[in-house]
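Summary of the model geometry
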Amino acid sequence: MRKKKNRFLLFCFSFFPGAGELYLGFMNMGLSLILAFSLLWVVVGVTNIGILSFLPMVLWVYSFFHANNLGALSDEEFYRVEDTYLFGLDHKEMESLKKSLSGRYRKAAAVILILLGISMLWDVTTDYIYDMVGPDFYYAYVARYVNAISSDLPQLIISIVIIWCGVKLIRGKKIELDKIDEITDKNAHNDMHQNMNQTGNQNVNQDINHNSQQGGGQQ
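The structure contained in this document is the topic of the report that follows. (Residues numbered from 1 in each chain as written. Predicted model: local features only at pLDDT ≥ 70, side-chain atom pairs only at ≥ 80, totals over all residues. Heavy atoms only, no water.)

Quick look at the overall build of the chain now. Within the chain, the regular secondary structure consists of 7 helices and 0 strands. Burial status across the chain gives 19% buried among its 219 residues. The contacts in the chain between residues at least 6 apart in sequence include a share of 60% that link residues at least 24 apart. Summed over all atoms, the accessible surface of the chain reaches about 16700 Å², with 64% contributed by carbon and sulfur. (Helix = DSSP H or I, 4+ residues; strand = E, 2+ residues; numbered from the N terminus. Buried < 20%, exposed > 50% of the residue type's maximum accessible area, 1.4 Å probe, protein only. Contact = heavy atoms within 4.5 Å. Areas by Shrake-Rupley, 256 points an atom, 1.4 Å probe, with all protein chains shown as cover.)

Below, the discussion takes up the nonpolar core. One finds Leu 10, Leu 24, Phe 26, Met 29, Leu 59, Leu 70 and Val 81 to be the most contacted residues of the largest nonpolar core, which totals 14 residues. Those elements that provide at least two residues to this core are helix H2 (19–24), helix H3 (27–47) and helix H4 (54–71). Counting residues per element, this core draws most heavily on H3, which supplies 4 residues. (Core = buried A, V, L, I, M, F, W, Y, C linked by side-chain atoms within 4.5 Å.)

What follows concerns the pattern of salt bridges. Close approach of charged atoms lets side chains of opposite charge pair. Scanning the entire structure with this criterion turns up 1 salt bridge. Between Arg 80 and Glu 76 there is a salt bridge, and its shortest N-O distance comes to 3.1 Å. With Arg 80 and Glu 76 both in helix H5 (residues 75–80) and 4 residues apart, the pair spans about one turn of that helix. Exposure class is identical for Arg 80 and Glu 76. Each is exposed. (Salt bridge = Lys/Arg side-chain N within 4 Å of Asp/Glu carboxyl O.)

Under the definition given, this model contains 15 aromatic pairs. Within the aromatic cluster, the residues linked to one another by ring pairs are Phe 11, Phe 15, Trp 60, Phe 64 and Phe 65. (Phe/Tyr/Trp six-rings, centres within 6.5 Å; stacked < 30°, edge-to-face > 60°.)

Right, let's talk about H4 for a bit. If you check H4, its first and last C-alpha atoms are 26 Å apart, about what 18 residues at 1.5 Å a residue would give, namely 26 Å. By the burial criterion, the buried members of H4 are Pro 56, Leu 59, Ser 63, Phe 64, His 66, Ala 67, Asn 68, Leu 70 and Gly 71. (Expected span 1.5 Å × (residues − 1).)

As a further point, take the environment of Leu 40. Mapping Leu 40 onto the fold places it in helix H3. Leu 40 gets classed as partly exposed once you look at its relative accessible area, which sits at 23%. Along the sequence, Leu 40 and Phe 54 sit 14 residues apart, while their C-alpha atoms lie 9.7 Å from each other. Apart from residues no more than four positions distant in its own chain, Leu 40 is found in contact with Leu 55, Pro 56 and Leu 59.

A few words now on a nonpolar patch on the surface. On the surface, Val 124, Tyr 128, Met 132, Val 133, Phe 137 and Tyr 141 cluster together into a nonpolar patch covering about 670 Å² of accessible area. In this fold, Tyr 141 is placed in helix H7 (residues 106–218). Judged by relative accessible area, which is 53%, Tyr 141 ranks as exposed. (Patch = residues over 30% accessible without salt bridge, like charges linked within 9 Å, V, L, I, M, F, W, Y side chains within 5 Å.)

Here the focus is the side chain of Ser 63. Within the secondary structure, Ser 63 is located in helix H4. Judged by its relative accessible area of 1%, Ser 63 falls in the buried class. Not counting chain neighbours up to four residues away, the residues in contact with Ser 63 comprise Phe 16, Pro 17, Gly 18, Glu 21 and Leu 33.

Here Asn 68 shows up in helix H4. Asn 68 gets classed as buried once you look at its relative accessible area, which sits at 13%. Among the polar contacts listed, one links the side chain of Asn 68 to the backbone oxygen of Phe 64, at a separation of 2.7 Å. When sequence neighbours within four positions are dropped, the list of residues in contact with Asn 68 reads Arg 7, Leu 10, Phe 11 and Ser 14. (Polar contact = N/O pair within 3.5 Å; in protein donor to acceptor, adjacent residues only side chain to side chain.)

What follows is the structure, given as C-alpha cells:
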C-alpha cells in the first residue's frame, strides 16, 4: 500500500529519475521514468548527436520535481493519485500513439528517422576518413569541410523544417477559415430558402382562404 514517507529520503532518492516515485510506492511511474531516462542516454550515446544531449537533463529535472511534488501533496490528494505509466507506456496510450504514427504523423516520424540515420552515417564516415588519411592530412585539409557540414547543415535543415511548419500552419488556418465561411454561407443560403418557402406557403394559404371566403359569399 502506498503511503507518504520521509521527505528527506524522498529528496535524496529523487536525484535519480524514477527512484523517488518508487520510494513513494508509484511503481508504474517510477518504472516509466527509469526506462525513458535510460533509453534517452542510449539514443544519445549511439547516435552521438550533440543536440540530443539536453533531453536526459530535461527528463531528470522533470523527474526530480515530479517526485517532490508528489511528496508535498496532502494525504487526501496523495491517495487520489493513480499510479499509471507515463509517456505513452499505457496500453491505451500506446494504441493511440500507433494510430497517430500510422496516420497523419507517419511522414514526420519517417523524416525524423531518416535524418537520424543520415547523421549517424555521417559520423561513421568521418571516422573512417580520419583513420584512412591520418590526423595530419585530416586536420589540414578535411576537418574544415567536415566541421562546416556538421554545424551548418543541421541548422539549414532545422531552418527549412521550421519554415515548412509555419507554412503548413498558415495553410491549415486558411483552409479552416475557408471551411467556416463555406458553412456560414451554406447556412445563410438554407435559411433564405427556408424563409422563401415559408413566405410562399403563407401566400398560398392566404389565396386559398381568400378564394374560400369569396366562394362562400357567392353562395
